[in-house]
Amino acid sequence: MNRRVVSKTEVVADAKPPKKSRLSLRAWREQHLYSFFSSLGRLSARPWATTLTLAVLSLALAFPLLFWLLLDNARGLSGTVEDARSISVFLKVGTDMPAVNAMAEKLRHHPDVTSVVVKSPEQGLEEFRAHSGFADALNVLHYNPLPALLIVDPRAASAGDVDPAPALVEEFGRDPAVDQVQYDAQWKQRLNAILQLAQRGAAVLAVLLGLAALLVIGNTVRLDIQGRADEIAVMQLLGADNGFVRRPFLYIGFWYGALAGVLSLILIGFVEWALAAPLTALASSYDHRFGVHGLSIAQMGIVFVASAVLGWLGAWIAASRHIALGQPT
Amino acid sequence: MIRFEHVSKRYSAHHDALVELNFELGAGEMAFITGHSGAGKSTLLKLVALLERPTRGKVVVNGHDHGKLRRGRIPQARRGIGMVFQDHRLLMDRSVFDNVALPLLIAGTSREETAKRVRASLDKVGLLGREAEPPVNLSTGEQQRVGIARAIVVKPPVLIADEPTGNLDPQLSAEIMALFGEFQQVGTTVLIASHDLPLVKRMGKRVLVLDHGKLIDDFKPTSRPA
């Protein structure tokens, strides 16, 4: 018994138990730095597997982004078809000018019409020659194939009132002298509806592919955790808490997400570059009535941050599910 | 330092690993646990290392009651217990230095202090100068020494070892055991499971003998060796 007393004094003198209950800020920083670099080391230790995972991830991120970019550009295009509320009434070919003018006069007195502009077939031909680039082809024709055109501006619908335009379109269509009625606003409405649908589709696609990215990262991290089960067990035996064991895996997720984000931005940049020349040519043929734009710097920043967060999150889900073993219940 | 009060560990209805164990190891005391395989040596060490909790009774190590310790406090409690394994359990993809430094990294020791302590620890086991090598370059005995260096680098009050000489020849075994004796002399409580009876006898320390989960003998040396 007295032996025990002697040795107790020794322990006080020599073996100081580590009594820190909370890690200092410096220790915290050092552990994060360690995880930061060791996770990079783990990724570079398996370059092929890492590259493959990154390729899948960056494609999953780039697809919805490209789709969204396409829609954003299409939206700009539909915006340039400025509030085209006018109704184009094409009369049958061969209707003589007095009849055309009489019809215009009649329409001017319609209560739902504010103005009518008459375009004779000759005027139409001139405009067509000037803008379409088919001047030579038109010269071959011995007659004017164009109809007379009435451009009718309907009364603007005031608040709480029914838009009179659709009714007008129908009314004009019933006239036997009328060949075809074209209402741009209707076309624009349809385009907008289609764009809205596509935009919703892009959002759904983005969510699904984002989920896929999350699963890919989660699964990669899960496999990594399984491959390092021995190492994790040793660390836990040495007193590592779950946070310490989890941290390198979270950084791996972060690296996957961040690198995939950069790669997807490069991919989008490449697509933009590949399409730039033909798109500019197309735009110039439309008198530059629409411009093509890519991602802004701020949007790129958002993509980068979002993908890094996504990676971290995927790793966190996998790590919290698969670590925490090796502790008694 | 290590106290077992009426400790039983039951894995299943037909398997009692430990039955009504009572013993106490004071600070700076060194003891061996022997017994045939399956007698409960490993289970006893697992209870000390917090790998298992007792089914009944009380296990107190470093002042922590292992039965009542919350899960979140387990890692902290383990840092006060150095562990040496038969198969040393080194991380083979890291250098000797990194292996020994791991407990310090976990404990949040500064880099300068870590370097100092790792070197001191390796010096103690006679492997100073081998820090940069991977463990595969070392012999089995040397690997076990690295495992010991890792266990003592945080200067834990309690050091436990499960068959630390199981894979070593008699000469190396004696050297390793002598090393453990040195740690006891600086005040560490040392508990070693071993079935190498001749070696255990030669050490002249306290010996706990287990049989079918029961403590059947507790030899205490009559005089404390220097």
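Up top is the structure these notes are about.
Being a predicted model, the structure only gives us computed values, none of them experimental.

**Points about the overall build of chain B**
Reasoning step 1: Within chain B, the secondary structure is distributed over 7 helices and 10 strands.
Reasoning step 2: For 226 residues, the compact-globule estimate of 2.2 N^0.38 gives 17 Å, and the C-alpha radius of gyration of chain B, at 17 Å, lies within 12% of that figure.
Reasoning step 3: Dimensions of chain B, computed from the C-alpha atoms along their principal axes, are close to 50 × 40 × 30 Å.
Reasoning step 4: Sequence separation of at least 24 residues holds for 69% of the intrachain contacts in chain B that already meet a minimum separation of 6.

**Quick notes on the overall build of chain A**
Reasoning step 1: Within chain A, the regular secondary structure consists of 11 helices and 4 strands.
Reasoning step 2: The buried share of chain A, reckoned over its 329 residues, is 25%.

**A short note on the sheet that holds strand β5 (residues 64-65) of chain B**
All names here are of chain B.
Reasoning step 1: Read from one edge to the other, the open sheet built from 4 strands follows the order β2-β1-β4-β5, with strand pairing classed as antiparallel. The strands lining the two open edges of the sheet, one partner per strand, are β2 (15-25) and β5.
Reasoning step 2: Taken strand by strand, helix α1 (residues 41-48) contacts β1 (2-12), β2 and β4 (56-61), and its axis lies near 120° from that of β1.

**Details of the nonpolar core**
Reasoning step 1: Formed by 101 residues in total, the largest nonpolar core has its most connected members in Met235 and Ala315 of chain A together with Val48, Ala149, Ile160 and Leu191 of chain B.
Reasoning step 2: The greatest single-element share of this core, amounting to 13 residues, is contributed by helix α10 (residues 242-285) of chain A.
Reasoning step 3: Among residues more than four places away in sequence, those in contact with Leu191 of chain B are Ile2, Leu25, Ala31, Ile33, Val48 and Ile160 of chain B.
Reasoning step 4: Core analysis: the second largest hydrophobic core is formed by 16 residues, Leu91, Met103, Val181 and Tyr183 of chain A among them.

**A look at helix α7 (residues 165-174) of chain A**
Residues and elements named next belong to chain A.
Reasoning step 1: Three or more residues of α7 are buried, namely Ala165, Leu168 and Phe172. Within α7, the buried residues cover an arc of 55° as seen down the axis, which keeps them to one side. Facing away from the buried side of α7 by over 90 degrees, the exposed positions are Ala167, Glu170 and Arg174.
Reasoning step 2: The elements touched by buried residues of α7 are β1 (87-91), β3 (149-154), β4 (178-183) and α8 (184-227).

**Examining the sheet that holds strand β7 (residues 158-162) of chain B**
Residues and elements named next belong to chain B.
Reasoning step 1: The strand order β6-β7-β8-β3-β9-β10 describes an open sheet built from 6 strands, whose pairing is mixed. Of all the strands in the sheet, just β6 (81-84) and β10 (214-219) have a single pairing partner and so form its edges. Strand-to-strand twist of the sheet, defined as the mean angle between neighbouring strand axes without regard to direction, takes the value 20°.
Reasoning step 2: Taken strand by strand, helix α6 (residues 170-185) contacts β3 (30-34), β7 and β8 (189-193), and its axis lies near 155° from that of β8.

**Examining α8 of chain A**
Helical geometry: 3.6 residues make up each α-helical turn, so side chains three or four residues apart lie on a common side.
Reasoning step 1: Here α8 of chain A is 44 residues long and its end C-alpha atoms lie 63 Å apart, about the 64 Å a rise of 1.5 Å per residue gives.
Reasoning step 2: Considered for burial, the residues of α8 of chain A that qualify are Ala202, Ala213, Leu214, Ile217, Gly218, Thr220, Val221, Asp224 and Ile225 of chain A.

**Description of the environment of Val152 of chain A**
Reasoning step 1: Mapped onto the elements of the fold, Val152 of chain A is located in strand β3.
Reasoning step 2: If we ignore the near neighbours within four places in the chain, the residues touching Val152 of chain A are Ser86, Ile87, Val89, Leu107, Val113 and Val116 of chain A.

**What about the environment of Val116 of chain A?**
Residues and elements named next belong to chain A.
Reasoning step 1: The topology assignment puts Val116 in strand β2 (residues 113-119).
Reasoning step 2: For Val116, a count of 20 C-beta atoms within 10 Å puts it in the buried group.
Reasoning step 3: Between the C-alpha atoms of Val116 and Ser88, which are 28 residues apart in sequence, the distance is 9.9 Å.
Reasoning step 4: For Val116, the residues in contact, after removing those within four places along its chain, are Ala104, Leu107, Arg108, Leu150 and Val152.

**A few points about the packing of α10 of chain A against helix α11 (residues 297-322) of chain A**
Residue and element names in this part refer to chain A.
Reasoning step 1: Orientation of α10 relative to α11, taken along the N-to-C sense of each, is 150°, at an axis distance of 7 Å. It follows from the interaxial angle that α10 and α11 lie roughly antiparallel. Helix-helix and strand crossings are classified by hand; for α10 and α11 the assignment is right-handed.

**Quick word on the pairing of β4 of chain B**
All names here are of chain B.
Reasoning step 1: Strand direction decides the pairing type here: β1 and β4, joined by 5 bridges, are antiparallel. Residue Ser8 lies in a different strand from β4, and its bridge partner there is Arg56.
Reasoning step 2: Both β4 and β5 contribute to a ladder of 2 bridges, which runs antiparallel. Bridge pairing in β5 places Val60 opposite Asp65.
Reasoning step 3: Remark: 2 residues form the turn of the hairpin made by β4 and β5, two consecutive strands paired antiparallel; Asn62 in that turn has positive phi of roughly 55°.

**Some points on unusual backbone geometry**
All names here are of chain B.
Reasoning step 1: Backbone geometry places His88, a non-glycine residue, at a positive phi of 50°.
Reasoning step 2: Among the secondary structure elements, His88 is positioned in the loop between β6 and α3 (96-107).
Reasoning step 3: Note on His88: 22 C-beta atoms within 10 Å, which makes it buried.
Reasoning step 4: Phi angles above zero are rare outside glycine, and Arg89 is one such case at about 50°.
Reasoning step 5: Here Arg89 is to be found in the loop between β6 and α3.

Rules used in this analysis
Residues numbered from 1 in each chain as written. Chains lettered and ligands numbered in written order. Predicted model: local features only at pLDDT ≥ 70, side-chain atom pairs only at ≥ 80, totals over all residues. Helix = DSSP H or I, 4+ residues; strand = E, 2+ residues; numbered from the N terminus. Rg over C-alpha atoms; globule rule 2.2 N^0.38 Å. Contact = placed C-beta atoms within 7 Å. Buried ≥ 20, exposed ≤ 12 C-beta atoms within 10 Å, placed from the backbone. Pairing = 2+ DSSP bridges. Axes fitted to C-alpha atoms, helices over the stretch in contact; angles between N-to-C directions. Core = buried A, V, L, I, M, F, W, Y, C linked by C-beta atoms within 7 Å. Arc of directions from axis to C-beta. Expected span 1.5 Å × (residues − 1). Parallel < 35°, antiparallel > 145°, perpendicular 65-115°, else oblique. Left-handed = near helix turned anticlockwise from the far one by under 90°.

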